[in-house]
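Summary of the model geometry
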Amino acid sequence: MKAVLHKDKPQIFTAFVLRSRRPGKAGGAAGRIVTMKKIIVLTFLTLDGVMQGPGGPTEDTSGNFTHGGWSVPYFDEYLGNVMAEQMSQPFDLLLGRKTFEIFASYWPQHEEEGPEINRATKYVTSNTLTTHEWEKSVFLKGDVVDEIKNLKGQDGLDLQVHGSAELIQTLLEHDLVDEFWLKIFPVTLGTGKRLFDKGTIPASFTLVDTKTSPSGVIVATLKRAGEVKTGSF
């Protein structure tokens, strides 16, 4: 597996090239362990929690955001390999409309670079889109929260969430995030869409893995760990 930086691509998560083969799914129901899908949020964020526009100046300028591309100076081969590893196993995608459209504008034309993304089922939350020519795109209808809960309860591949700032707030509000795979960059911006925003609820997490890239990016994996515990000194 090889990760190669491509700074001219239209979105932060296309800043690397995945070159891996997807292993086949376990065959047959006999002896198969049925597990609920996990929802895993993969996010690039600043020290002050901003997740908006990490990949380029025009990626997301909503709210007059002018700091797009803040992750690029820190994105090195080490971080590219981390991302490639995290996306080398089979997964499906859960995306908001804007992130889906960014992905759909690039990945269908570059199947050799992102086989896992193209092979994944793309579950999309949207009030406007109902169909798309990109294969394996599924648009959730009706109550989005109920639809996502139904997805989580099914046997199958874990759901990765990329970008999708508004969708993440819904997931947080309804306690639907199982894991965070975060890349925390050594920069503050003061403005912009934040990962932990209006949907955030009291919740505790366990840090299960952490490492630091040569450029100073903290790579942290956290799992949901029940209610917030309090105490006193």
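The model shown is predicted, which means the values in this text are computed figures rather than measured ones.

**Thoughts on the packing of aromatic side chains**
- Under the counting rule described, the total for this entry stands at 9 aromatic pairs.
- A ring pair is formed by Phe-44 and Phe-185, whose centres lie 5.2 Å apart and whose planes are at 35 degrees; its orientation type is tilted. In this pair, Phe-44 sits in strand 1 (residues 39-46) while Phe-185 sits in strand 6 (residues 179-185), placing the two residues 141 residues apart along the sequence. Both residues of the pair, Phe-44 and Phe-185, count as buried.

**Re the nonpolar core**
- Trp-70, Leu-93, Phe-100, Phe-103, Ile-117, Trp-134 and Phe-185 are the most contacted members of the largest nonpolar core, which totals 27 residues.
- Those elements that place two or more of their residues in this core are helix 1 (77-86), strand 2 (92-96) and helix 2 (97-104).
- The residues touching Trp-70, leaving out its near neighbours within four places in the chain, are Phe-44, Leu-45, Thr-46, Val-50, Met-51, Gln-52, Gly-53, Pro-54, Phe-65, Phe-185, Val-187 and Leu-189.
- With 22 residues, the next largest nonpolar core counts Ile-39, Ala-165, Leu-167 and Leu-195 among its residues.

**Concerning the environment of Thr-210**
- Summarising the element assignment, Thr-210 is placed in strand 7 (residues 205-212).
- By relative accessible area, Thr-210 is classed as partly exposed at 44%.
- A C-alpha to C-alpha distance of 9.5 Å links Thr-210 and Leu-182, two positions 28 residues apart in sequence.
- Once you skip the residues sitting within four places of it in the chain, Thr-210 turns out to touch Ile-218, Val-219 and Ala-220.

The rules behind each value
- Residues numbered from 1 in each chain as written.
- Predicted model: local features only at pLDDT ≥ 70, side-chain atom pairs only at ≥ 80, totals over all residues.
- Heavy atoms only, no water.
- Phe/Tyr/Trp six-rings, centres within 6.5 Å; stacked < 30°, edge-to-face > 60°.
- Helix = DSSP H or I, 4+ residues; strand = E, 2+ residues; numbered from the N terminus.
- Buried < 20%, exposed > 50% of the residue type's maximum accessible area, 1.4 Å probe, protein only.
- Core = buried A, V, L, I, M, F, W, Y, C linked by side-chain atoms within 4.5 Å.
- Contact = heavy atoms within 4.5 Å.

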